[in-house]
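# Chain and residue survey
What follows is each chain in one-letter form.
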Amino acid sequence: MKKFNLAMAFAAGAILLSGCKLDKMIKLAQENDLQVDPNPLEVHGGDVPFEMSAVLPPKILPANTSFTLNTVYVYGDQEVSVGSIEFQASDFPNSSTTTSRKSTNFSFPYQEGMNPGTLFVQGVATDTRNGKSKSTERMAVAQGLIMTSGWVKDVALVSYADHGYNDKEELIPTNVNFYFDQGVSNLRTSLTYDGVSNRSKREELSAFIAEKNVTRTVSITGTHSPEGSETINSDLSENRAKEIEKFYRNRMDRYDYKGAADSIDFILKPVIQDWAAFKAALATYDGISADEKKAYNNIINGSGSFVEKEKEMQKLPTYKKVFKDVYPGLRSAKTEVLTVKPKKSNAEIAVLAKAIVDGSADADTLSIEELMFSATLTPSLEEKAAIYKAAADKSGMWQAHNNLAAAHIEMAKRGDASKLDGAATQLEIAMNKMSSAGEVQANMAAVQILQGDYDAAYETLGNVSSSSNDINGRVNAMKGAVEVRMADYDKAKASFASATNNENVMIDRGLAYLLTGDYSMADAEFKQVERADAYYLLAVSAARQNNASGVGSNLKKAVEAEPSYKDMALNDLEFANFADAVNEAVK
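Residues numbered from 1 in each chain as written. Predicted model: local features only at pLDDT ≥ 70, side-chain atom pairs only at ≥ 80, totals over all residues. Heavy atoms only, no water.

Turning to unusual backbone geometry, a few remarks are in order. The omega angle of the peptide bond from Asp37 to Pro38 is 0°, so this bond is cis rather than trans. Along the chain, Pro38 turns up in the loop between β2 (33-37) and β3 (41-42). Following Asn115, the chain continues to Pro116 via a peptide bond in cis, the omega torsion being 10°. Relative to the elements of secondary structure, Pro116 occurs in the loop between β7 (100-109) and β8 (118-127). A positive phi angle, near 60°, is found at Asp194, a position not held by glycine. By secondary structure assignment, the location of Asp194 is in the loop between β13 (192-193) and β14 (196-197). Judged by relative accessible area, Asp194 falls into the exposed class, the value being 71%. Positive phi values are uncommon outside glycine, yet Asp256 reaches one of about 60°. As for its position among the elements, Asp256 is in the loop between α4 (236-254) and β16 (265-270). (Helix = DSSP H or I, 4+ residues; strand = E, 2+ residues; numbered from the N terminus. Buried < 20%, exposed > 50% of the residue type's maximum accessible area, 1.4 Å probe, protein only.)

Below, the structure written as C-alpha cells:
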C-alpha cells in the first residue's frame with residue numbers, strides 16, 4: 001500500500017469556472033492523502049479490484065461545495081473510467097476543523113493490452129449552488145499491473161468408464177456332493193439322495209477331471225448326522241473326506257495329470273459334532289411345523305453335550321420323521337473344485353481388437369467387455385479412439401461413447417483442438433443414454449474448460465454426482481483450477497484438499513496459497529514441480545517475502561529452463577524492488 005501526498009497544483013490550462021472559493025479548494029487539494037491498495041494494481045479473476053481511500057485536509061469543504069476524486073486507467077491511447085470518491089460538504093459538518101476521510105472499492109475488467117498502464121486521479125472542486133467547478137491535473141497513483149494470477153493452468157482430466165473386463169485370474173467353483181450310509185465312510189455308488197445316485201455323481205466328477213481344467217484347490221467337507229451311534233467314531237467325517245480325495249487322485253492318475261496334480265491343493269474339512277448343518281436343513285424342511293422345529297432348536301440352544309442333546313431330540317414325537325428325511329442329507333462329503341476360468345491372453349485380445357477395427361474380423365470375435373478392455377492395452381490415443389468407436393458401433397453402450405469422447409479430449413489436450421467438437425457429440429450421446437453417469441458429466445466439464453467456457457464448466461462440475469473417489473478427485477481438481485481462475489481462492493483451496501494430483505494441480509494449488517499470502521504452503525507446492533513456471537512462482541513468493549536471494553536463485557533456474565521468461569522477469573512489477581537480483585539472474 002502506497003500513500004500519495006497529492007501535489008495537485010492547479011494547472012495553468014485548467015478550466016476556471018468559479019471564484020476564489022474553488023481556487024482555495026484546489027490549493028488545499030495539494031495536501032490530500034491517497035492510498036491505493038494493492039499498489040501496483042493486480043489482476044484477479046479477469047478484473048482489477050482495488051481500494052482507494054482519501055483524507056482531505058481541514059477547510060477544503062466550505063458550505064455548499066463538494067470535492068470529487070475521479071479515477072481513470074490509461075493504457076496506450078485508451079482509457080477506462082473507473083469511478084469516483086465524492087465528498088459532499090453537507091456530509092462532513094466538522095470539515096472546517098478536522099480531516100475528512102472516505103474509502104471506496106473499485107474494480108474494472110481487465111482487457112488484453114492493459115499492461116503496462118497507469119491509474120490516474122483527478123480532483124474536481126464544485127460549487128453545488130451554481131454547478132461551477134474547477135479541476136486539478138491528473139496525477140498517477142498506480143503504475144502497471146501485476147499479472148501473477150494469470151499463471152493459473154487449465155486442469156481438464158478425463159474419466160474413462162469401467163470396461164467391465166477382469167484380466168486377472170478368476171476361479172470357477174464346481175460343486176459335487178456325495179452321500180454315505182449311516183455310520184460308514186465307504187462310498188456306496190447305488191446310494192441315492194434327493195433323486196440322484198452317487199454313481200451319477202462319480203461319473204459327473206470323472207468327466208470333469210478328464211477335461212484337465214487348470215485347478216487350484218479341491219476342498220472336501222466331510223460331515224456326519226447327529227445320531228449318537230455316529231458320534232462314537234470321531235474320525236467319520238474326516239474319513240468320508242479322505243474317501244473322495246482318494247477317488248479324485250485316482251482319476252487324475254487315470255487321466256495322466258502327471259506334474260499338474262502336484263500343484264493342486266487338497267483341503268479336507270472334517271466337521272465334527274456341529275449343529276450348523278442340521279439347523280440349516282431343518283429350517284428349509286417342510287415336513288414338520290414351525291412349533292415342532294422350535295422344539296429342536298430349544299434343545300440345540302440349551303445346555304448339555306452334543307450326545308446328550310441328540311438323545312433329547314430322540315424323545316420328540318417327530319424324531320423318526322426327521323431322522324428319515326433330514327439326517328441322510330447330513331452324511332456327506334461336499335466337494336468344491338476351484339478351476340481357473342479360461343481366458344484369452346492380453347496379446348490375443350489386442351490382436352483380435354485390431355482385426356475388428358480394420359474389418360478383418362467380425363465384431364463378435366470379442367465380447368464387448370474384451371473389446372473395451374483392449375483399448376487399455378495400447379498407448380496410442382488414435383488406436384484407443386478407433387477401438388472405442390468399434391465398441392460404440394457394436395453395443396451403443398454409454399460407456400463406449402464416453403470413452404471415445406475421453407480419447408478425443410486427450411488428443412485435444414495434446415494439441416488437436418478440432419477433436420473437442422467430436423468429444424462433445426459423443427458425450428451428448430452418452431448423456432442421453434445415462435445422464436447421471438459421473439464420468440460423462442466430468443468429461444463434459446473437461447471439454448468446456450478446454451473451450452474456455454469456464455462458467456459453464458463450473459456449473460457442470462457442480463452437478464456431478466458420483467460415488468467414485470477417483471471421479472470426485474478429478475472433479476475437485478478441475479473445480480479448484482476454475483476457482484483459482486475466478487479468484488475464489490478459499491474455495492479453490494477447499495476443492496484441492498481432496499483433488500487428484502498432478503503438476504498443473506500443484507501449480508494452481510500453490511497459486512491459491514500464494515495469492516492469499518500463505519507463502520510457506522505455496523512454496524511447498526511449487527517445490528514439488530521441477531518446471532520453469534514453478535521456479536518463476538517461487539521467485540514471486542520470495543519477492544513477496546522480501547527474500548532477494550530466493551528471487552535470484554529461483555529466477556535463474558526459471559530462465560535457464562525457459563529463456564523467454566527473461567523479458568518477463570525484467571518487466572514484472574513483482575520484482576520492482578529487486579532489480580539487482582533480477583539482473584544477476586537473467587544475465
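Take the pairing of β2 next. Going residue by residue along β2, you find Leu34 and Val36 tucked away on one face and Asp33, Gln35 and Asp37 left uncovered on the opposite face. Where β2 lies against strand β4 (residues 47-56), 5 bridges are found, and the strand directions are antiparallel. Bridging across to β4, Gln35 finds its partner in Ser53. (Pairing = 2+ DSSP bridges.)

Turning our attention to helix α21 (residues 548-561). Here α21 is 14 residues long and its end C-alpha atoms lie 20 Å apart, about the 20 Å a rise of 1.5 Å per residue gives. Tucked inside the fold, the buried residues of α21 contact α20 (532-544), α22 (565-571) and α23 (579-586). (Expected span 1.5 Å × (residues − 1). Contact = heavy atoms within 4.5 Å.)

To continue, consider the packing of aromatic side chains. Within this structure, the stated rule accounts for 20 aromatic pairs. When the ring of Trp151 is compared with that of Tyr565, the centres are 5.4 Å apart and the planes differ by 90°; the resulting orientation is edge-to-face. On the criterion of sequence distance, the pair formed by Trp151 in the loop between β11 (145-146) and β12 (171-179) and Tyr565 in helix α22 is long-range, its members being 414 residues apart. Of the residues examined, Tyr565 reaches a relative accessible area of 13% and is grouped as buried. Here the aromatic cluster, defined as three or more aromatic residues joined through ring pairs, consists of Trp275, Phe278, Tyr296, Phe306, Tyr319, Phe323 and Tyr327. The side chain of Arg331 reaches across the aromatic face of Phe323, ending 5.4 Å from its centre. (Phe/Tyr/Trp six-rings, centres within 6.5 Å; stacked < 30°, edge-to-face > 60°. Lys NZ or Arg CZ within 6 Å of the ring centre and 35° of its normal.)

Attention now goes to the environment of Asp572. Summarising the element assignment, Asp572 is placed in the loop between α22 and α23. According to the relative accessible area criterion, Asp572 is buried, its value standing at 14%. Residues Asp572 and Asn186, spaced 386 residues apart in sequence, show a C-alpha to C-alpha distance of 93 Å. Side-chain polar atoms of Asp572 contact the backbone nitrogen of Glu574, separated by 2.9 Å. (Polar contact = N/O pair within 3.5 Å; in protein donor to acceptor, adjacent residues only side chain to side chain.)

This brings us to the packing of helix α12 (residues 398-413) against helix α14 (residues 438-450). Following both chains from N to C, one finds α12 and α14 inclined at 25°, their axes separated by 10 Å at the closest point. One element, α12, and the other, α14, form an angle in the roughly parallel class. Judged by the twist between their axes, the crossing of α12 over α14 is left-handed. Contacts between α12 and α14 involve Trp398, Asn402, Ala406, Ile409, Ala412 and Lys413 on the former and, on the latter, Glu439, Val440, Asn443, Ala446, Val447 and Leu450. Partitioned by chemical class, the residues of the contact of α12 with α14 number 8 nonpolar, 2 polar and 2 charged. (Axes fitted to C-alpha atoms, helices over the stretch in contact; angles between N-to-C directions. Parallel < 35°, antiparallel > 145°, perpendicular 65-115°, else oblique. Left-handed = near helix turned anticlockwise from the far one by under 90°. Nonpolar A, V, L, I, M, F, W, Y, C, P; charged D, E, K, R; others polar.)

Purely geometric numbers; function is a separate question.
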